[in-house]
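Residues per chain are reported as follows:
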Amino acid sequence: MTKLKLSYVLLATTLISGNAVLAQDVTLTIESWRNDDLAIWQDQIIPAFEAQNPGIKVKFVPSAPTEYDAVLNSKLEAGSAGDLITCRPFDASLALFEAGHLADISGLEGMANFSPVAKSGWSTDDAATQFCVPMASVIHGFIYNKDAFAEVGVEVPATEAEFFAVLGKIKEDGNYTPMAMGTNDQWEAATMGYNNIGPNYWKGEEGRLALLAGDQKLTDEPWVAPYRQLAKWAPYLGDGYEAQTYPDSQNIFTLGRAAIYPAGSWEISGFNGLADFEMGAFYPPVAAAGDECYISDHTDIGIGMNTKSAHPEAAKAFLNWVGSPEFATLYANALPGFFPLSSAPITLDDPLAQEFISWRGKCHSSIRSTYQILSRGTPNLENETWNASVAVIKGEETPEDAGMRLQKGLASWYAPQQ
């Protein structure tokens with residue numbers, strides 16, 4: 001073979017192999033702690049995306065929840081992490097962004113579908129930059145046993161006075177524990193107690209942002225008043241509530257022994273499979289008829305792009321799709337109780353999940369008061385709110401003393417409160 005012919009052969013081989021490389025699918029890898037969602041991603045979410053985006057393949061590679069942070073950080077430092085990073089809300093993901101691991105996606109087209117509250121879990125402190133697309137939130141309220149309500153002859157309460165009247169009638173009837181919640185594990189008293197009912201008092205984002213700015217204090221009435229309500233819960237929690245664990249409370253309710261469960265919407269899927277009675281839900285009753293209502297619609301999970309992704313354009317295509325109404329509807333129906341944060345209206349197949357999400361059209365949404373910025377110091381305000389909520393319910397601390405103690409702790413390290 002002459003040198004000229006050999007050159008043509010080599011050139012043709014190079015072009016053929018180059019075109020083959022270009023024709024190959026790009027594969028994106030998603031890092032996540034939600035290993036319980038693996039089948040949903042593999043069977044529903046990823047096929048829907050790939051059908052619309054030929055040429056992009058996606059792999060969902062979760063770690064155990066308790067190991068996720070350590071595993072992810074090790075991969076990021078080694079340069080072996082996936083293209084897409086599932087994001088915890090607030091400080092954990094903010095730290096990844098500040099370390100240069102998560103890309104600035106503020107200009108992504110799909111981000112226009114989210115409100116400032118929805119984006120707050122994955123924004124810089126000044127809210128100027130976003131680094132994860134919001135995927136889902138959990139909403140707080142009360143799940144109730146419809147059979148129990150019918151038997152006792154009570155209806156869903158709209159005001160605080162009606163709420164305690166319902167609890168009183170259920171207790172008087174004697175066939176059900178009025179509310180299934182214990183204080184043994186502490187966090188539930190704050191999460192399903194204080195931060196569930198609290199937004200009605202401090203007016204959601206208005207009060208939360210005022211606390212961040214130092215314009216309100218934890219000794220102010222809007223922050224002490226929720227403790228006053230919690231202080232009245234104890235007689236309705238059943239005998240031995242002090243030693244009752246979170247799983248105990250779940251069992252008491254799903255076995256039909258309690259009429260009301262102070263809840264997070266993440267319970268829906270599990271309760272659907274365990275309870276043999278029809279369930280309903282109501283949002284935290286307001287102080288007086290006609291008052292505007294506020295709900296804790298708390299940012300729970302987002303997804304961002306690894307700055308070292310070898311396929312940034314494909315990763316952006318996936319993130320834009322996560323911001324779409326199609327993803328919102330698909331994700332919410334696949335995981336009842338985890339609600340898309342997109343502003344697009346959606347309808348859910350699960351009636352209990354639909355009841356929860358319908359509150360967005362009736363009430364103002366806010367996030368848990370302690371989660372952004374205010375739990376970075378020592379004492380940690382989130383943990384302090386846990387033990388304060390328990391102490392108030394058990395009568396070991398007055399609402400006013402709890403507010404004073406928490407305010408003193410926050411002011412000891414947080415400059416705007418000094």
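Residues numbered from 1 in each chain as written. Predicted model: local features only at pLDDT ≥ 70, side-chain atom pairs only at ≥ 80, totals over all residues. Heavy atoms only, no water.

### Side note on the packing of aromatic side chains
Counted under the stated rule, the structure contains 32 aromatic pairs. On the numbers, 6.4 Å between centres and 25° between planes, the contact of Phe339 with Phe356 is stacked. Highlighted residues: Phe339 in the loop between helix H15 (325-334) and helix H16 (351-358) and Phe356 in helix H16, separated in sequence by 17 residues. With a relative accessible area of 0%, Phe339 lands in the buried category. One aromatic cluster in this structure is built from Phe142, Tyr144, Phe149, Phe163, Phe164, Trp233, Tyr236 and Phe282. Cation over ring: Arg34 sits above Phe338, and NZ or CZ is 4.6 Å from the ring centre. In this structure, Lys232 is placed above the aromatic ring of Phe164, and the distance from its NZ or CZ to the ring centre is 4.5 Å. (Phe/Tyr/Trp six-rings, centres within 6.5 Å; stacked < 30°, edge-to-face > 60°. Helix = DSSP H or I, 4+ residues; strand = E, 2+ residues; numbered from the N terminus. Buried < 20%, exposed > 50% of the residue type's maximum accessible area, 1.4 Å probe, protein only. Lys NZ or Arg CZ within 6 Å of the ring centre and 35° of its normal.)

### Quick notes on the domain arrangement of the chain
In terms of domains, the chain is made up of domain 1 (20-137 + 298-357) and domain 2 (138-297 + 367-417). For domain 1 versus domain 2, the separation of C-alpha centres amounts to 30 Å. On the side of domain 2, 22 residues touch domain 1, which itself brings 20 residues to the contact. Across the domain 1 to domain 2 interface the summed buried area is about 2000 Å²; carbon plus sulfur atoms make up 62%. Looking at the side of domain 1 facing domain 2, the largest losses of area belong to His298, Leu352 and Phe356, adding up to 40% of the total buried there. Between Asp125 and Arg376 there is a salt bridge; the shortest N-O distance is 2.9 Å. At the junction of domain 1 and domain 2, the tally comes to 8 residue pairs in polar contact (both at pLDDT 80 or more). When residues of the side of domain 1 that touches domain 2 are traced back to their parent elements, those giving at least two are helix H4 (91-98), strand E8 (294-305) and H16. (Domains from an automatic or database assignment. Contact = heavy atoms within 4.5 Å. Buried area = accessible area lost by both parts, 1.4 Å probe. Salt bridge = Lys/Arg side-chain N within 4 Å of Asp/Glu carboxyl O. Polar contact = N/O pair within 3.5 Å; in protein donor to acceptor, adjacent residues only side chain to side chain.)

### Let's talk about a negative patch on the surface
On the surface, Asp147, Glu151, Glu172, Asp173 and Asp276 cluster together into a negatively charged patch. The set of elements that each furnish at least two residues to the negative patch consists of helix H6 (146-152) and helix H7 (160-173). The residue Glu172 is located in helix H7 in this model. Glu172 gets classed as exposed once you look at its relative accessible area, which sits at 69%. (Patch = residues over 30% accessible without salt bridge, like charges linked within 9 Å, V, L, I, M, F, W, Y side chains within 5 Å. Areas by Shrake-Rupley, 256 points an atom, 1.4 Å probe, with all protein chains shown as cover. Lys, Arg positive; Asp, Glu negative; His and termini not counted. Charge placed at Lys NZ, Arg CZ, Asp CG, Glu CD.)

### Observations regarding the environment of Gly377
If you trace the backbone, Gly377 turns up in the loop between strand E9 (364-366) and helix H17 (381-393). Considered as a pair, Gly377 and Leu406 are 29 residues apart in the sequence and their alpha carbons are 12 Å apart.

### A few points about the pattern of salt bridges
Evaluated as defined, the whole model comprises 16 salt bridges. With a shortest N-O distance of 2.7 Å, Arg208 and Glu205 are connected by a salt bridge. Here Arg208 pairs with Glu205, and both are found in helix H10 (residues 205-213), just 3 residues apart, close to one helical turn. The same class applies to Arg208 as to Glu205, namely buried. Across the pair Arg405 and Glu384 runs a salt bridge, and its minimum N-O distance is 3.2 Å. Here Arg405, found in helix H18 (residues 399-411), pairs with Glu384, found in helix H17; they are 21 residues apart in sequence, far enough to count as distant. When its relative accessible area of 29% is taken as the criterion, Arg405 is described as partly exposed. Via salt bridges that share partners, Arg34, Asp36 and Asp37 belong to a single interconnected network.

### A closer look at the packing of helix H2 (residues 38-52) against helix H14 (residues 312-322)
Helices that pack against each other are described as a pair by the angle of their axes relative to one another and the distance between those axes. Closest axis-to-axis distance for the H2/H14 pair is 11 Å, and the angle between their directions is 115°. The orientation of H2 with respect to H14, classified from their angle, is roughly perpendicular. At the point where H2 passes H14, the crossing takes the right-handed sense. Taken together, the residues of H14 that come into contact with H2 (itself represented by Trp41, Ile45, Ala48, Phe49 and Gln52) are Ala317, Phe318 and Trp321. Per-class residue counts for the contact of H2 with H14 are 7 nonpolar, 1 polar and no charged. (Axes fitted to C-alpha atoms, helices over the stretch in contact; angles between N-to-C directions. Parallel < 35°, antiparallel > 145°, perpendicular 65-115°, else oblique. Left-handed = near helix turned anticlockwise from the far one by under 90°. Nonpolar A, V, L, I, M, F, W, Y, C, P; charged D, E, K, R; others polar.)

### Side note on unusual backbone geometry
Peptide bonds are, in most cases, trans, and in most cases residues other than glycine have a negative phi. Residue Thr378 is joined to Pro379 through a cis peptide bond whose omega torsion reads 5°. With respect to the helices, strands and loops of the structure, Pro379 is situated in the loop between E9 and H17. At Phe90, a residue that is not glycine, the phi angle is positive and equals roughly 70°. With respect to the helices and strands, the residue Phe90 is situated in the loop between strand E3 (84-87) and H4.

### Side note on the state of the cysteines
All chains considered together, the criterion is met by 2 disulfides. Across the disulfide, Cys87 is cross-linked to Cys132 (sulfur-sulfur distance 2.1 Å). Disulfide Cys87-Cys132: torsion about the S-S bond near -75°, hence left-handed. Pair noted here: Cys87 is in strand E3 and Cys132 is in the loop between helix H5 (116-119) and strand E4 (133-145), with a separation of 45 residues, a long-range link. A residue is classified by how much of its surface remains accessible, and Cys132, at 1% relative accessible area, is buried. The side chain of Cys293 participates in a disulfide bridge whose partner is Cys363; the two sulfur atoms lie 2.1 Å from each other. (Disulfide = S-S within 2.5 Å.)

### Let's talk about the environment of Leu406
Summarising the element assignment, Leu406 is placed in helix H18. Note on Leu406: relative accessible area 4%, which makes it buried. Sequence-distant contacts of Leu406, that is, excluding residues within four places in its chain, are made with Leu218, Tyr227, Leu381, Glu384, Thr385 and Ala388.

### Here's the deal with the side chain of Gln417
As for its placement among the helices and strands, Gln417 is situated in the segment after H18. Engagement of the side chain of Gln417 in a polar contact is seen with the backbone oxygen of Gln216, the distance being 2.8 Å. In this view, Gln417 contacts Leu211, Gly214, Gln216, Lys217, Gln407, Leu410 and Ala411; residues no more than four positions away in its chain are not counted.

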